[in-house]
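Observations on chain architecture
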Amino acid sequence: MTEHLLELRNVSVRFGGLQALDDVSLTVPRGEIRAVIGPNGSGKTTLLNAISGFVRLARGEILLDGRAIHRLPSHRRVQAGLARTFQSASVFGELDLIDNVRVGLHRTDPHSLIDAFIPGRNERLSAETRRTAMDHLRAVGLDTHAASLADSLAYGQQRLLDFARAAATKPALILLDEPTAGLNSTEIERLRGDIRRLRDLNTTVVLIEHHMPFVMDLCDTVTVLNFGRVIASGRPAEVRADPAVVASYLGTRGAKP
Amino acid sequence: MEPAAFFQSLLSGASAGGIYALVAIGFGVMYRTTRVFNFAQGDFGALGAYVAFTLAVTWHLPFWAVVPLACIVVGVLAVVVERIALRPLYRHGEAYTFIATIGLAFAIQSAIQQIWGPRPRVLPSVFGDTAVQVFGLRVVPQLAAMLVISLALAGALYLFFTRTKIGTAMRAAAHNRRVAGLLGIPVDRIFSLAFFLGGAVGALAGILIAPIGLLTPSMGASLGVPGFIAALLGGLGSMPGAVIGGLLIGIVQSFAVFVVDPRYRDLVVYAAFILVMLVRPSGFFSEEFRARRI
Amino acid sequence: MPANLRIAPKVRRLADAYDSSFRVQGLASIARYTLLIVVLWSLLPLFPAQYQTRLANLVLVQAIAALGVNIILGYAGLISIAHAATMAIGAYASALLMMRLEWPFAAAFVGACVLGALVSAVVGILGTRIQTNYFLLVTLALAGSVRLIIVNESGLTGGPTGLFGVPPAELFGWVAESDSAFYMLVVPIAALALYLAQRLRVSRTGRAMIALRLNEPAALMSGIDVKRYRIAAMALGGAYLGASGSLFAHLVRFLGPESFSLSLALLLTLMVVVGGIGSNAGTVLSVAVLVVVTAQIQDVGNAWVFYYGVLIMAMLVVAPRGLASIVPLVRPRLAALVGRRR
């Protein structure tokens, strides 16, 4: 068990001529809620894509709990304890809410293909995963919609469902891509509680966010990206006072270290 | 193998390959702009050849009028199909438009059979299909014309896409539909243009290859399958890739008969295709389409 | 004795009751399918002539194939046009195993399923290495190769003239030579096929397949090995297609290159699209409609291919979720009627 759950060492990602991530190194201690902020196009989503295996690294390595994961395909990283949500609502539209969360239970569900064909066993295992899924839905306040199709939900609710699915994988590390976008203030309040609860269950959280009051209130540490580089990292109050960060948000190029 | 026989095989392979390249280009123009994987591309060629047959043989129109007319007919049909049957499906994703074009392919095939009958037809060659001696080699003018015209057209289209404003706009629409719309690019009309070009180029491929064989309702498949494979080998949407892929397939087909039973010629093409894709799954020239999974 | 040990027997009894309640549910679902078989069997005397029995047999045989296509296309979202080729492999394998090696029908049937699954899985393995869009081309290669072999290997397959004298299906000495006998045989097989497909749909495996079709990134980030499940869908669907091919061979008792044309692959795709991608009930319903309608319009020759092509396009535009999108409207009433639970 390492002190740092997530460690990026000199990670670079290139798209053709564009350097999306440039020699990024960062460590996230176990049990922390970490925000990654930065102007649009600063490489935040690319960072999440690199950690979750949707883009290939040009250089560097990524360690989860001391184990190199950057060569693994995405689903193997999930098996190693990673989860993430997506920037746009990312649900399984033709499945109902229960089944959406049950997809998230895939890794822990012991239900084999043979079990499905044994009368009784299938029903029993299904009942158990349905109950677990229901608990996850209740946590995000969607249990009353459990039997509706995910397509029929409002945008904010779909984002909460995506969160519930990701949380259902019982991750050691969860990556949240702008979790408050499209949510109303009640939903944001609930989400804040859910993220804290997840942390209390020993999950480390890394989130991208533009909603500053949410970040300042919830997160332990803030990392600031600009032009694919880490320009600041520290307590929320320190980062807010950092002149380089202020300059990057105001668009002053001279602020690059 | 004698050098003469070798060159003749090379020429006939390259000529057919030029046609496959045209099919692949027409297909690629549609795919890269609209993301429609048009399974009916080969059948556009078949339809073009049959329309040309009616114009040339039944109506006795001159060749210079037949070719553009047939291409326009098929191009317009492609535009109409896109408007009516494909545009409502874009929001459901690529799989839906793909299945729709499978339906289209069979509809075209069956329509040809209903209109022109199942009997094979002959479209005469204007360039001549008896061999002439060139530097001691026997060259069939039709084959030479196929190669020259298809390569010239590929070059012209390449210039159109890279040098003209409208070609650049088409590439922008391909890259990001929403952003292109915001930039004031008329995405709807760009899509229609892509289908018109794809349909017309597909028709031309059918018209050019028709004189070296027979017109049959199912000729679309013998045009489409190598065309798709060519597009694939080159990397979808890459024009130089489509040309190289097409030539490669034509030549492999042409030389395969020396290695295996001629009846199994196409098996060699399939095997070569699968082998290449295993070594290089995204084709040879697919820089712009790689690593875009989100 | 500590308190927690004293209540143990009670907990045990509760757990047993809990288990058996599910066993009852499971047995109830089996009972429903048994009832379905009995009802279908008892329809036999109602068919006015052999022609209608033949039609019913074709519906059931094609329904098995369409259920397989539904696993490949409807669950996993893989677009293949090798369905007819996989059926052909099952058909020729089953026929030749009986004719050349004198296997009993049951063994030949199982052999056809296994071979269909294997070939389909190999296509899946090759196809998933390549970008999803190109998957179709590998299936195209299979379809082309199978056709070449059927046409050219006359010694084995009868070549273009076809394979005559395919023996009838037979089970423990009981020979299903007439259409009525075949009907008795195919009804339980089709019911089993439907049962397994439905079970698959609500299982963890089926859910993973549907999830990867609906949203591949989210499926990956749920820990689903997308490639593995695509290959699994191909294998399972291939087994269905092999089974259907085998039954077709012993029903029609003649096989030719045209028995398994590309048009059949189109028709099977159409059946799933009309039925609603992913829906088993919708698929079976649309098979019944399409087979009967095709039989009625056969006098227009090959023109039906045109109408089917147009129908696919129209169906996608008008009702992209097919007949199945109508089913949820009637399901609550139906459920209330038969007291059925999900």
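Cut-offs applied
Residues numbered from 1 in each chain as written. Chains lettered and ligands numbered in written order. Predicted model: local features only at pLDDT ≥ 70, side-chain atom pairs only at ≥ 80, totals over all residues. Helix = DSSP H or I, 4+ residues; strand = E, 2+ residues; numbered from the N terminus. Rg over C-alpha atoms; globule rule 2.2 N^0.38 Å. Buried ≥ 20, exposed ≤ 12 C-beta atoms within 10 Å, placed from the backbone. Contact = placed C-beta atoms within 7 Å. Axes fitted to C-alpha atoms, helices over the stretch in contact; angles between N-to-C directions. Left-handed = near helix turned anticlockwise from the far one by under 90°. Nonpolar A, V, L, I, M, F, W, Y, C, P; charged D, E, K, R; others polar. Core = buried A, V, L, I, M, F, W, Y, C linked by C-beta atoms within 7 Å. Pairing = 2+ DSSP bridges. Expected span 1.5 Å × (residues − 1). Arc of directions from axis to C-beta. Right-handed = clockwise from strand over helix to strand, strands pointing away. pLDDT = per-residue confidence, 0-100. Parallel < 35°, antiparallel > 145°, perpendicular 65-115°, else oblique.

Our focus in this paragraph is the overall build of chain B. Regarding its fold elements, chain B presents eleven helices and two strands. Helices and strands appear in chain B in the N-to-C order α-α-α-α-β-β-α-α-α-α-α-α-α. The C-alpha radius of gyration of chain B comes to 19 Å, within 12% of the 19 Å expected for a compact globule of 294 residues. For chain B, the spread of C-alpha atoms along the three principal axes comes to 60 × 50 × 35 Å. By the burial criterion, 51% of the 294 residues in chain B qualify as buried. Across chain B, the fraction of contacts at a sequence separation of at least 24, relative to all contacts at a separation of at least 6, is 74%.

With that settled, consider the overall build of chain A. Counting secondary structure elements, chain A contains ten helices and ten strands. Scaling as 2.2 N^0.38, a compact globule of 257 residues should have a C-alpha radius of gyration of about 18 Å, and chain A matches this with 19 Å. If one aligns the C-alpha atoms of chain A with their principal axes, the spans along those axes are about 70 × 40 × 35 Å. With 257 residues in all, chain A has 48% of them scored as buried. Taking the contacts inside chain A whose residues are at least 6 apart along the sequence as the reference set, 68% of them involve residues at least 24 apart.

Residue and element names in this part refer to chain C. Axis separation between helix α5 (residues 105-129) and helix α11 (residues 226-252) bottoms out at 6 Å; the angle between their running directions is 145°. Of the two elements, α5 crosses α11, and the hand of that crossing is right-handed. Classifying every residue of the contact of α5 with α11 by side-chain character gives 17 nonpolar, ten polar and two charged.

Core analysis: the biggest nonpolar cluster contains 289 residues, and Ala52(B), Ile64(C) and Ala233(C) have the highest contact counts within it. Per-element tally for this core: the top contributor is α11(C), with 16 residues. If we skip the residues at most four places from it in the chain, Ile64(C) touches Ala190(C), Ala193(C), Tyr240(C), Ala243(C), Ser244(C) and Leu247(C).

It is worth spelling out the environment of Arg229(A) at this point. Residue and element names in this part refer to chain A. Along the chain, the position of Arg229 falls in strand β10 (residues 229-234). Sequence separation between Arg229 and Ser52 is 177 residues; the distance between their C-alpha atoms is 19 Å. If sequence neighbours within four positions are ignored, Arg229 has contacts with Asp22, Asp23 and Val24.

All names here are of chain A. The sheet built from four strands is open, its strands ordered β2-β1-β4-β5 with antiparallel pairing. Whereas interior strands pair on both sides, the edge strands pair on one side only; in this sheet they are β2 (18-29) and β5 (67-68). Running over the sheet, helix α1 (residues 44-52) touches β1 (4-15), β2 and β4 (59-64) and is turned about 70° from β2.

Tallying the contact residues gives 32 residues for chain C and 36 residues for chain A. For the side of chain C that touches chain A, the secondary structure elements donating two or more residues are α2 (8-43), α8 (179-201), α9 (204-214) and α10 (216-220) of chain C. The element contributing the most residues to the side of chain C that touches chain A is α2(C), with eight residues. Looking at the side of chain C that touches chain A, its residues break down into 17 nonpolar, nine polar and six charged.

All names here are of chain A. Reading across the sheet, the six strands line up as β6-β7-β8-β3-β9-β10 and stay open at both edges, with mixed pairing between neighbours. Looking at the sheet topology across the chains shown, the edges are occupied by β6 (82-84) and β10. Taken over all neighbouring pairs, the strand axes of this sheet differ in orientation by 20° on average, direction set aside. Where strand β3 (residues 33-37) lies against strand β8 (residues 204-208), four bridges are found, and the strand directions are parallel. Pairing of Val36 across the sheet is with Ile208, part of β8. The sheet strands contacting helix α7 (residues 185-200) are β3, β7 (173-177) and β8, and the helix crosses β8 at an angle near 145°.

Residue and element names in this part refer to chain B. Positionally, Thr97 belongs in helix α4 (residues 94-116). Judged by local crowding, Thr97 falls into the buried class, with 24 C-beta atoms found within 10 Å. When the C-alpha atoms of Thr97 and Val66 are compared, they prove to be 31 Å apart, with 31 residues separating the residues in sequence. In this structure Thr97 touches Val36, Leu86, Leu89 and Tyr90, once residues within four positions along its chain are discounted.

On to helix α11 (residues 265-279) of chain B. For the α-helix, the turn length of 3.6 residues means that residues three or four positions removed from each other point alike. Taking 1.5 Å as the rise per residue, α11(B) with 15 residues should run 21 Å; its terminal C-alpha atoms sit 22 Å apart, in good agreement. Among the residues of α11(B), those classed as buried are Val269(B), Tyr270(B), Phe273(B), Ile274(B) and Met277(B). Summarising the axial view, the buried residues of α11(B) lie within an arc of 130°, below the 170-degree limit, and thus occupy one face. Residues of α11(B) that are exposed and angled more than 90 degrees away from the buried face: Leu275(B), Leu278(B) and Val279(B). Packing partners of the buried residues in α11(B) comprise α9 (219-234) and α10 (239-259) of chain B together with α5 and α6 (135-152) of chain C.

One face of the sheet, then the other: side chains in a regular strand alternate in exactly this way. Residues and elements named next belong to chain A. Most of β8 sits out of view: five of its five residues are buried. Because side chains alternate across β8, one face comprises the buried residues Thr204, Val206 and Ile208, and the other comprises Val205 and Leu207, equally buried. In this structure, β7 lies alongside β8, joined through five bridges in parallel fashion. Each bridged residue has a counterpart across the sheet, and for Leu173 the counterpart in β8 is Thr204. In this fold, β7 hands off to α7, which returns the chain to β8; that crossover is right-handed.

Right, let's get into the pairing of strand β9 (residues 221-226) of chain A. Residues and elements named next belong to chain A. Where burial is concerned, most of β9 is hidden: five out of the six residues are buried. For β9 and β10, the ladder comprises five bridges, and the chain directions are antiparallel. Residue pairing for β10: Asn226 is matched across the bridge by Arg229. Hairpin geometry of β9 and β10 is characterised by an intervening segment of two residues between the two adjacent antiparallel strands and by a positive phi of about 50° at Phe227.

Phi at Asn202(A) takes a positive value of approximately 80°, unusual for a residue other than glycine. With 12 C-beta atoms packed within 10 Å, Asn202(A) lands in the exposed category. Phi at Arg253(C) takes a positive value of approximately 65°, unusual for a residue other than glycine. Structurally, Arg253(C) can be placed in the loop between α11 and α12 (262-275).

Moving on, we get to the confidence of the model for chain A. In the predicted model, chain A carries a mean pLDDT of 87, and the fraction of residues at 70 or more is 96%. Below pLDDT 50 for its whole length, residues 253-257 of chain A participates in six contacts with residues either more than four positions away or in separate chains.

Before going further, it helps to examine the confidence of the model for chain B. Residues and elements named next belong to chain B. For chain B, the mean per-residue pLDDT works out to 84, and 94% of the residues sit at or above 70. Across residues 287-294 the pLDDT falls below 50, and counting only partners more than four positions away or on other chains, this stretch makes twelve contacts in the model. Across the whole predicted complex the pTM is 0.85, and at the interface the ipTM reaches 0.89.

The end-to-end C-alpha distance of helix α13 (residues 280-296) of chain C, which contains 17 residues, comes to 25 Å, matching closely the 24 Å that a straight helix rising 1.5 Å per residue would cover. Among the residues of α13(C), those classed as buried are Asn280(C), Gly282(C), Thr283(C), Val284(C), Leu285(C), Ser286(C), Val287(C), Leu290(C) and Val291(C).

Here the focus is the packing of α9(C) against α11(C). Residue and element names in this part refer to chain C. Following both chains from N to C, one finds α9 and α11 inclined at 110°, their axes separated by 10 Å at the closest point. Taken together, the axis directions place α9 and α11 in an arrangement best described as roughly perpendicular. Here α9 and α11 pass one another in a crossing that is left-handed. The segment α9 lies against α11, with Thr205, Ala208, Met209 and Leu212 engaging Val226, Tyr229, Ala232 and Ala233. Across the contact of α9 with α11, the residue classes tally to seven nonpolar, one polar and no charged.

Turning to the environment of Val114(C), a few remarks are in order. In this fold, Val114(C) is placed in helix α5. It is 7.5 Å that separates the C-alpha atoms of Val114(C) and Gly242(C), two residues lying 128 residues apart in sequence.

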